[in-house]
Amino acid sequence: MNLASGVSMTSINSMMSVYSETGDYGNVRISGEICLQISYSYKTGALNILVKKCKNLAVADEKKQRTDPYVKAYLLPDKSRQSKRKTKIKNNSINPEFNEILKYVISHTQLETRTLQLSVWHYDRFGHNSFLGEVEIPLDSWNFENQADEWFVLQPKVEVAADIGLHYKGELIVVLRYIPPERNLTLPLGEIQGKKSTKKGKKINQKVPSGGILEVVIKEAKNLTAVKSGGTSDTFVKGYLLPDNNKASKHKTPVIKKSVNPHWNHTFTFSGLNPRDIHNVCVELTVWDKESLASNIFLGGVRLSTGSGLSNGKEVDWMDSHGEEQLLWQRMIDSPGEFVEGTLMLRSSMGKRRL
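Residues numbered from 1 in each chain as written. Predicted model: local features only at pLDDT ≥ 70, side-chain atom pairs only at ≥ 80, totals over all residues. Heavy atoms only, no water.

Okay, the overall build of the chain next. Within the chain, the secondary structure is distributed over six helices and 20 strands. Here the chain, with 355 residues, has 47% of them falling under the buried criterion. Across the chain, contacts joining residues at least 24 apart in sequence account for 70% of those joining residues at least 6 apart. (Helix = DSSP H or I, 4+ residues; strand = E, 2+ residues; numbered from the N terminus. Buried < 20%, exposed > 50% of the residue type's maximum accessible area, 1.4 Å probe, protein only. Contact = heavy atoms within 4.5 Å.)

Oppositely charged side chains can form a pair if their charged atoms are brought close together. Enumeration over the complete set of coordinates arrives at nine salt bridges. With its nearest N and O atoms 3.0 Å apart, the salt bridge here joins Lys52 to Asp149. You can see Lys52 sitting in strand β2 (residues 46-55) and its partner Asp149 sitting in the loop between β7 (130-138) and β8 (150-153), a full 97 residues away along the chain. Judged by relative accessible area, Asp149 falls into the partly exposed class, the value being 36%. By sharing partners, the salt bridges in this structure join Glu284, Arg303, Asp320, Glu325 and Arg347 into a single network. (Salt bridge = Lys/Arg side-chain N within 4 Å of Asp/Glu carboxyl O.)

Here we come to the side chain of Thr67. By the secondary structure assignment, Thr67 is in the loop between β2 and β3 (69-76). For Thr67, a relative accessible area of 1% corresponds to the buried category. Within polar-contact distance, the side chain of Thr67 engages the backbone oxygen of Ala58 at 2.8 Å. Within polar-contact distance, the side chain of Thr67 engages the backbone nitrogen of Ala60 at 3.0 Å. (Polar contact = N/O pair within 3.5 Å; in protein donor to acceptor, adjacent residues only side chain to side chain.)

What follows covers the sheet that holds strand β12 (residues 213-222). Here we have four strands laid out as an open sheet, ordered β15-β12-β9-β20, and antiparallel in their pairing. Two strands in the sheet have a free side with no partner beyond their single neighbour: β15 (263-271) and β20 (340-345). Put simply, the sheet's adjacent strands are angled 25 degrees from each other on average, direction ignored. Alignment of strand β9 (residues 171-179) against β12, held across nine bridges, turns out to be antiparallel. Note on β12: the bridge partner recorded for Glu171 is Lys222. In the packing of helix α6 (residues 324-334) onto the sheet, the strands contacted are β9, β12 and β20, and the crossing angle to β20 comes to about 170 degrees. (Pairing = 2+ DSSP bridges. Axes fitted to C-alpha atoms, helices over the stretch in contact; angles between N-to-C directions.)

Evaluation of the coordinates by the stated rule reveals five aromatic pairs. Measuring from centroid to centroid gives 5.0 Å for Tyr40 and Tyr42, while their planes differ by 80 degrees, and the two rings are edge-to-face. When its relative accessible area of 11% is taken as the criterion, Tyr40 is described as buried. With a relative accessible area of 56%, Tyr42 lands in the exposed category. When the ring of Tyr40 is compared with that of Phe144, the centres are 6.0 Å apart and the planes differ by 55 degrees; the resulting orientation is tilted. (Phe/Tyr/Trp six-rings, centres within 6.5 Å; stacked < 30°, edge-to-face > 60°.)

With nine bridges joining them, strand β1 (residues 33-41) and β2 adopt antiparallel strand pairing. Note that in β2 the partner of Ile38 across the bridge is Ile49. As consecutive antiparallel partners, β1 and β2 are separated by four residues, and within that stretch Gly45 has a phi angle of approximately 65 degrees, a positive value. Examined bridge by bridge, β2 and strand β5 (residues 97-105) share seven bridges and lie antiparallel to one another. Within β5, the position partnered with Leu47 by the bridge is Tyr104.

This part is about the sheet that holds β8. Strand pairing in a sheet relies on backbone hydrogen bonds, with the paired strands running either antiparallel or parallel. Read across the sheet, four strands follow the order β5-β2-β1-β8 without closing on themselves; strand pairing throughout is antiparallel. Looking along the sheet, the strands with just one partner apiece sit at the ends: β5 and β8. Direction aside, the axes of adjacent strands within the sheet are offset by 30 degrees on average. Bridge count for β1 against β8 is four bridges, and the pairing is antiparallel. Pairing of Glu33 across the sheet is with Val153, part of β8.

Take a look at the structure:
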């Protein structure tokens, strides 16, 4: 998802606070409403949120009897920097008029899985900003044909939604194909992709893989965490076919530099897999930021399997696929020899694997 901001930051104070997540919750009694106009352009693929004004906001600074409000937006569950939008700060007003458009470039199908979160804050030049209320608008049921102004009552902080957002690590788009042994024999050799079997100074003849073949195409990732200065990461994907996690079975994509939306289009191939094996193995994919002088940084991961919790009758931690991970694996099993594609939410932690 390519996110583009429609807000220009004019003051240094505004620039400094745009990426600040520190703030005081609960020290101001929530009051007031916010007026919005939400529209979607199918022509440009853009969600436009016109933040018009607020009324009857709480007084944030009791001593000075003033409120310097601004509005912040996220498209949940994404609470990354790329998802953040922010209006300019209005000085000393509990009835501020913003008339600013916050813009997201996103496909309409993706929009149906998102919730628009808008929160109002008091800007404190010398301390923590104060939370003045929020609204959350599920976009799957929103009528984009309605161009009228809509008033929303500001609500206290919803902790559950905040927790979900904190764990959002981006998305990984993969394509799977399982070719059973009987179909493998009829495939042209050129269709069987995998690691290049060449070493410095030597050429190694590739053998035709025996048994069934599992192909995992690592297409791209979206909205990965930026860990380097300048808001980028140098990203690659590592893959294992559990329970085999030795170095010989490890697959890696090339490193894509300076991108939080990398395109790899790289295929991992695992051979010698019979139909029964497919129900007992798990493809573990982890996304990393490449560091030259330090340990690589984990950015998220997925596990693709039946999610049964069992491998060859033995209880294991790593057969824990769920949701889209599990559904995509099942679609692959149900469609032998065919490519199936899925968009998977990256896990923020892979947990301990018991092999």
